[in-house]
Amino acid sequence: SLAGADFCVDPDHHVETLLHKNAEMFDSIIFGFIIYYISGCQIMPPGKDDIIEVMEQVKVVLYFAHKLTELTENLPIEAIAIACGLGTADARALQALISLLHEGTHVLNRAIVGLRTILACETFNPIYTTFVHDALCAEGVTGITYIFSSALVIAIFSMVMVMLRAALYPIKE
């Protein structure tokens, strides 16, 4: 209980200190994100700017894939063949490829949006806060009280059982 009281004065500082002592166990990006979540999303992790740039690039690719799909989806195959200087079979293949590209960009966009949702501060910081602040600091003392009470009851009844065991068996002389 006393160690918990020392820890719970500033649990974030103690957790960060422990993590910095064991930083070599983590990949630098993972370590950066862990510190980001522990700090209440105040310390920006390394690579976050790169992730934001990739998301912006995916938006651009998605925009142009939509434009290309809009241009080619309603065109007859012959018009695509003439505009691109292709044969009919190649024009069909090009139209199928553009459709596949369009679907692929949507999959990529959903993956990036999902990654952004997963890595958001609102996802991990409440988990950390629940475990460290609420479970260890608020509920930990109550749990230790129950453990101590249970151990005391077990010890008392064990001693009673040992003392009464002699009364159960007759004494042999």
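Analysis parameters
- Residues numbered from 1 in each chain as written.
- Predicted model: local features only at pLDDT ≥ 70, side-chain atom pairs only at ≥ 80, totals over all residues.
- Heavy atoms only, no water.
- Helix = DSSP H or I, 4+ residues; strand = E, 2+ residues; numbered from the N terminus.
- Rg over C-alpha atoms; globule rule 2.2 N^0.38 Å.
- Buried < 20%, exposed > 50% of the residue type's maximum accessible area, 1.4 Å probe, protein only.
- Contact = heavy atoms within 4.5 Å.
- Arc of directions from axis to C-beta.
- Disulfide = S-S within 2.5 Å.
- Axes fitted to C-alpha atoms, helices over the stretch in contact; angles between N-to-C directions.
- Parallel < 35°, antiparallel > 145°, perpendicular 65-115°, else oblique.
- Left-handed = near helix turned anticlockwise from the far one by under 90°.
- Phe/Tyr/Trp six-rings, centres within 6.5 Å; stacked < 30°, edge-to-face > 60°.

Along the protein chain, the regular secondary structure elements total eight helices and zero strands. For the protein chain, whose C-alpha radius of gyration is 32 Å, the value lies well above the compact-globule estimate of 16 Å for 173 residues. With the C-alpha coordinates aligned to their principal axes, the bounding extent of the protein chain is approximately 115 × 45 × 25 Å. The 173 residues of the protein chain split such that 20% are buried. Relative to all contacts within the protein chain whose residues are 6 or more apart in sequence, the contacts with residues 24 or more apart total 53%.

Where helix H5 (residues 77-84) is concerned, the buried positions are Ile-77, Ile-80 and Ala-81. End-on view of H5: buried residues confined to an arc of 100°, all on one side of the axis. Counted as exposed and oriented over 90 degrees from the buried face of H5: Ile-82 and Ala-83. Where the residues of H5 are buried, they touch helix H4 (48-73) and helix H6 (88-119). Positive backbone phi, at 70°, marks Gly-85, one or two positions downstream of H5.

Positive phi values are uncommon outside glycine, yet Cys-41 reaches one of about 65°. Mapped onto the secondary structure, Cys-41 falls in the loop between helix H3 (28-38) and H4.

It is worth spelling out the state of the cysteines at this point. Under the defined criterion, the tally for this structure stands at one disulfide. Between the sulfur atoms of Cys-41 and its disulfide partner Cys-121 the distance amounts to 1.5 Å. Between Cys-41 and Cys-121, the disulfide has an S-S torsion of 90° and is therefore right-handed. Residue Cys-41 is found in the loop between H3 and H4, and its partner Cys-121 is found in helix H7 (residues 121-138); the two are separated by 80 residues along the sequence.

Between H4 and H6, the least distance of the axes is 9 Å, while the angle of their chain directions is 150°. When the interaxial angle is binned, H4 and H6 end up roughly antiparallel. The two elements H4 and H6 meet at a crossing, and its hand is left-handed. Note on element contacts: H6 touches H4 through Gln-95, Ile-98, Leu-101, His-102, Thr-105, His-106, Leu-108, Asn-109, Ile-112, Arg-116 and Leu-119, opposite Ile-51, Val-54, Met-55, Val-58, Val-61, Leu-62, Ala-65, His-66, Leu-68, Thr-69, Thr-72 and Glu-73.

Okay, the packing of aromatic side chains next. Per the stated rule, a full pass over the model turns up five aromatic pairs. Measuring from ring centre to ring centre gives 5.3 Å for Tyr-36 and Tyr-37, while their planes differ by 55°; the resulting arrangement is tilted. For Tyr-36, a relative accessible area of 6% gives the class buried. Seen from their ring centres, Tyr-37 and Phe-124 are 4.8 Å apart, and the 35° between their planes marks the pair as tilted. Of this pair, Tyr-37 sits in helix H3 while Phe-124 sits in helix H7, placing them 87 residues apart in sequence. Overall, Tyr-37 belongs to the buried group, its relative accessible area being 8%. Classification of Phe-124 by relative accessible area gives partly exposed; the value is 33%.

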